[in-house]
Amino acid sequence: MSVISSFLKLPSWEKKVALESILWVIRIRIMLWIYPFPKVQSKVQEKVIKHDSTPGHVITMPRLRIMILAASRYVPRATCLVQALAGYILFSKYGYSTSIKIGVLNENGEFEAHAWLEHGEKVVLGESEKNFTTILGID
């Protein structure tokens, strides 16, 4: 089944969420190409503060996660950071309080960084089997 036919079969409210997901992933990716991270972080936090959340959790957290991951497949270099920032906005919009975590790992002389999204103490986007040390949390 093609992407377009799958999209067309979605209920109208899910089409709206799917389109919002792809637009936010694209917007965050472009912002990270243009601006330094602190400016992007500030803009994302402003967006979360400014908008009212949709009442009544229109979409479940797992379904919203799937929408963001699916959108990320079609945007070049939609890294874990892009997904976490877009997810932070979208989860907030739909009434879920999340926080972004950015962590590092130095294993066998190889440095790695990773970003993920948490709801409470549970990772809701960007799971990893590695044990990253959190260096930044954005609530």
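What counts as what
- Within any chain, residue numbers begin from 1 and follow the written order of that chain's sequence.
- The model is predicted, so local features are restricted to residues of pLDDT at least 70 and side-chain atom pairs to those at 80 or more, both for listing and for counting; the totals for chains, interfaces and linings are taken over all residues.
- Excluded from the side-chain calculation are hydrogens and water; included are all heavy atoms of the structure.
- What counts as a helix is a DSSP run of H or I of at least four residues, what counts as a strand is a run of E of at least two, and both are numbered from the N terminus.
- Here the expected length of a helix is defined as 1.5 Å per residue gap, with one fewer gap than residues.
- Here's how the labels work: a residue is buried when its accessible area is under 20% of the maximum for its type, exposed when over 50%, partly exposed in between, all with a 1.4 Å probe on protein chains only.
- The contact rule is simple, with two residues in contact once any of their heavy atoms fall within 4.5 Å.
- Directions drawn from the helix axis to the C-beta atoms are what define this arc.
- Whenever two N or O atoms come within 3.5 Å, that pair is a polar contact, provided that in protein one can donate a hydrogen and the other can accept it, and provided that, for residues adjacent in sequence, both atoms are side-chain atoms.
- To get an axis, fit a line to the C-alpha atoms, keeping to the stretch in contact for a helix; angles then go from 0 to 180 degrees between the N-to-C directions.
- When an angle is under 35 degrees it counts as roughly parallel; over 145 it counts as roughly antiparallel; between 65 and 115 it counts as roughly perpendicular; any other value is oblique.
- In this scheme the crossing of two helices becomes right-handed for a clockwise turn of the near helix relative to the far one and left-handed for an anticlockwise turn of less than a right angle.
- Computed over the protein atoms alone on a 1 Å grid, cavities are sets of points where a 1.4 Å probe fits but cannot get out and pockets are open sets with protein on both sides within 12 Å along at least five of seven lines; a residue lines them when it has an atom within 4 Å of a point.
- Grid points are joined across faces, edges and corners, and a volume is the space filled by probe spheres set on the points.
- Charged residues are taken to be Asp, Glu, Lys and Arg, nonpolar residues to be Ala, Val, Leu, Ile, Met, Phe, Trp, Tyr, Cys and Pro, and polar residues to be all remaining types, Gly included.
- The nonpolar core is taken to be a set of buried Ala, Val, Leu, Ile, Met, Phe, Trp, Tyr and Cys residues, with the residues joined through side-chain atoms within 4.5 Å.

1. Some thoughts on helix 2 (residues 12–34)
- Along its 23 residues, helix 2 runs 33 Å from first to last C-alpha, staying within 8% of the 33 Å computed at 1.5 Å per residue.
- All of the buried residues along helix 2 are Glu14, Val17, Ala18, Glu20, Ser21, Trp24, Val25, Ile28, Arg29, Met31 and Leu32.
- Where helix 2 is buried, its residues contact helix 1 (3–8), helix 3 (37–50), helix 4 (61–72) and helix 5 (80–93).

2. Observations regarding helix 4
- Along its 12 residues, helix 4 runs 17 Å from first to last C-alpha, staying within 8% of the 16 Å computed at 1.5 Å per residue.
- Considered for burial, the residues of helix 4 that qualify are Met61, Leu64, Met67, Ile68, Ala71 and Ser72. Viewed along the axis of helix 4, the buried residues span an arc of 135°, placing them on a single side of the element.
- Considering only its buried residues, helix 4 is in contact with helix 2, helix 5, strand 2 (110–119) and strand 3 (122–125).
- Where helix 4 starts, the residue carrying a side-chain oxygen 3.2 Å from the main-chain nitrogen of Arg63 turns out to be Thr60.

3. Quick look at the side chain of Ser21
- Note on placement: Ser21 falls in helix 2.
- When near neighbours in sequence (up to four residues on either side) are disregarded, Ser21 contacts Met67, Ile68, Ala71 and Leu90.

4. Re the environment of Phe111
- Here Phe111 is to be found in strand 2.
- Judged by its relative accessible area of 60%, Phe111 is exposed.
- Excluding anything up to four places from it in sequence, Phe111 contacts Val104, Leu105 and Asn106.

5. Points about the packing of helix 3 against helix 5
- Remark: helix 3 packs on helix 5, axes separated minimally by 9 Å, with the N-to-C direction vectors making an angle of 15°. Viewed along their axes, helix 3 and helix 5 adopt a mutual orientation that is roughly parallel. Pair helix 3 / helix 5 crosses with right-handed handedness. In contact with Phe37, Val40, Val44, Gln45, Lys47 and Val48 of helix 3, helix 5 contributes Leu81, Leu85, Tyr88, Ile89 and Ser92.

6. Thoughts on the layout of surface pockets
- Computed from the structure, the largest pocket encloses a volume of approximately 410 Å³.
- For the lining of the largest pocket, the elements supplying multiple residues, two or more each, are helix 1, helix 2 and helix 4.
- Counting residues per element, the lining of the largest pocket draws most heavily on helix 4, at 5 residues.
- Each residue belonging to the lining of the largest pocket can be placed in one class, and the counts come to 11 nonpolar, 1 polar and 2 charged.

7. Focus on the nonpolar core
- Residues Val25, Ile28, Leu64, Phe91 and Ile100 are the most contacted members of the largest nonpolar core, which totals 36 residues.
- Of all elements in the fold, only helix 2, helix 3, helix 4, helix 5, strand 1 (99–107), strand 2 and strand 3 reach the threshold of two or more residues within this core.

8. Regarding unusual backbone geometry
- Residues other than glycine seldom take positive phi values, yet Arg77 does so here, at roughly 55°.
- Of note, the phi angle at Asn108 is positive, near 55°, even though the residue is not glycine.
- One can find Asn108 in the loop between strand 1 and strand 2.
- According to the relative accessible area criterion, Asn108 is exposed, its value standing at 78%.

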